[in-house]
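Here is how the chains run, residue by residue.
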Amino acid sequence: MSKKDKRTKEPEIENYYDLKTEKIDELVAILKDEDYASEVEVDFGMNTNMGVNDKKNLTRSGKEKKFDPYKTDFLGKVPVWLRALFVKFWFAGAVCFFIMWGIGLNDLDAIVLVGVVLGIVEDILVNPLFKFMESDKHEFDAYIMFPFPFKAIWTFFANLLYYLIVVMFVNYGYFLVNEIANLVNGTQGLYYVGVEPILFGVFTFIVDMVFIGIKDGIVALVRHLKNRKKESAVNV
């Protein structure tokens, strides 16, 4: 390459990395002046279509969309009790389907295995899901047997034992329903209601909430007695 060619190339290489201040000035002007932003079209290697963006910010009725940080999503509009019912019902039905139906066991072995698996599922899946969905009001605590804010190893074993008891009472529920059906129909030893995921999920939720309601009642009573003692001590 000749010296003349080198001289002609050097200015191009030197100016290649020069900062394009014109585009930055245009961007600053757009951010400062809304009128100027509507007149100036910014092009940084791609075309910006203001009309398309405006249409995206409009509702179907033609009104401008407004950002609402306090707007609740669809799931937030569903009542807490209904969400808790669905989650507990679905997981209990899934345990019944995969364990009680999937593994051929006798009654006692099925009760023990289903109770242990349900306790594990509640501890590692259901309760963390409730904690994820709840707000600062802790509205899902009313549907958890051990609603402690910290994760402790003892709650895992407590859930295993607790849901073993729950499944035992669910089994008694099936037995009671069939006995009532036999009494009404004048039969004996027949099974009118069999174990299947849907009814098992419903029975499990009912028994679970009865025990949780008893626990909440005892806790409320203890707190009430403590408050009365404090008030009496202050008055004395």
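A quick note: this is a predicted structure, and the numbers were derived from the prediction, not measured.

Here we take up the overall build of the protein chain. Secondary structure assignment for the protein chain yields nine helices and zero strands. Among the 236 residues that make up the protein chain, the fraction classed as buried is 24%. Contacts spanning at least 24 positions in sequence make up 59% of the contacts within the protein chain whose residues lie at least 6 apart. Entry remark: accessible area of the protein chain is about 18000 Å², with carbon and sulfur atoms responsible for 64%.

Looking now at the pattern of salt bridges. With the rule as written, the count across this model stands at five salt bridges. A salt bridge links D208 to K88; the shortest N-O distance between them is 2.7 Å. Taken together, the positions of D208 in helix α9 (residues 197-235) and K88 in helix α6 (residues 80-101) put the pair 120 residues apart, joining distant regions of the chain. A residue is classified by how much of its surface remains accessible, and D208, at 1% relative accessible area, is buried.

For the rest of this paragraph, the subject is the environment of P128. With respect to the secondary-structure elements, P128 resides in helix α7 (residues 107-133). The partly exposed category is assigned to P128, whose relative accessible area is 37%. Beyond its immediate sequence surroundings of up to four residues, P128 is in contact with E122 and D123.

This next bit is on the packing of helix α8 (residues 153-185) against α9. Between α8 and α9, whose axes approach to 9 Å, the crossing angle comes to 120°. Viewed along their axes, α8 and α9 adopt a mutual orientation that is oblique. The handedness of the crossing between α8 and α9 is right-handed. When α8 is examined against α9, the residues Y162, Y163, I165, V166, F169, V170, Y174 and V177 are found in contact with a partner set consisting of L199, F200, F203, T204, V207, D208, F211 and I212. Across the contact of α8 with α9, the residue classes break down as 14 nonpolar, one polar and one charged.

Attention shifts here to the packing of aromatic side chains. Between two aromatic rings, the relevant description is the distance of the centres plus the angle of the planes. With the rule as written, the count across this model stands at twelve aromatic pairs. An angle of 85° between the planes, with centres 6.1 Å apart, marks the rings of Y162 and F211 as edge-to-face. A residue pair is termed long-range when its members are at least 10 positions apart, and Y162 in helix α8 and F211 in helix α9 qualify at 49 residues. A residue is classified by how much of its surface remains accessible, and F211, at 23% relative accessible area, is partly exposed. An aromatic cluster is defined as three or more aromatic residues linked by ring pairs; in this entry it consists of F146, W154, Y162, Y163, F169, Y172 and F211.

Below, the discussion takes up the confidence of the model for the protein chain. In this model, the protein chain carries an average pLDDT of 78, and 67% of its residues clear a pLDDT of 70 or more. Across the protein chain, α8 holds the top mean pLDDT of 93, while helix α4 (residues 50-56) sits lowest at 48. Confidence over residues 40-54 falls short of pLDDT 50; this stretch has eleven contacts with residues more than four positions distant or in other chains.

The next subject is the packing of α6 against α9. Packing of α6 against α9 brings their axes to within 8 Å, and their N-to-C directions diverge by 125°. As the angle between them shows, α6 and α9 are arranged oblique. For the pair α6 and α9, the sense of crossing is right-handed. Here A84, L85, K88, F89, A92, G93, C96, F97, M100 and W101 of α6 come into contact with α9, specifically with P197, I198, F200, G201, V202, T204, F205 and D208. For the contact of α6 with α9, the residue count by class is 13 nonpolar, three polar and two charged.

Turning next to a nonpolar patch on the surface. Residues I198, V202, I206, V210, I214, I218 and V222 make up a contiguous nonpolar surface patch of roughly 600 Å² in combined accessible area. Mapped onto the secondary structure, I218 falls in helix α9.

Structurally, N127 can be placed in helix α7. Owing to a relative accessible area of 11%, N127 belongs among the buried residues under this scheme. Those residues in contact with N127 that sit more than four places away from it in its chain are E122, I144 and N159.

What counts, and at which threshold
Residues numbered from 1 in each chain as written. Predicted model: local features only at pLDDT ≥ 70, side-chain atom pairs only at ≥ 80, totals over all residues. Heavy atoms only, no water. Helix = DSSP H or I, 4+ residues; strand = E, 2+ residues; numbered from the N terminus. Buried < 20%, exposed > 50% of the residue type's maximum accessible area, 1.4 Å probe, protein only. Contact = heavy atoms within 4.5 Å. Areas by Shrake-Rupley, 256 points an atom, 1.4 Å probe, with all protein chains shown as cover. Salt bridge = Lys/Arg side-chain N within 4 Å of Asp/Glu carboxyl O. Axes fitted to C-alpha atoms, helices over the stretch in contact; angles between N-to-C directions. Parallel < 35°, antiparallel > 145°, perpendicular 65-115°, else oblique. Left-handed = near helix turned anticlockwise from the far one by under 90°. Nonpolar A, V, L, I, M, F, W, Y, C, P; charged D, E, K, R; others polar. Phe/Tyr/Trp six-rings, centres within 6.5 Å; stacked < 30°, edge-to-face > 60°. pLDDT = per-residue confidence, 0-100. Patch = residues over 30% accessible without salt bridge, like charges linked within 9 Å, V, L, I, M, F, W, Y side chains within 5 Å.

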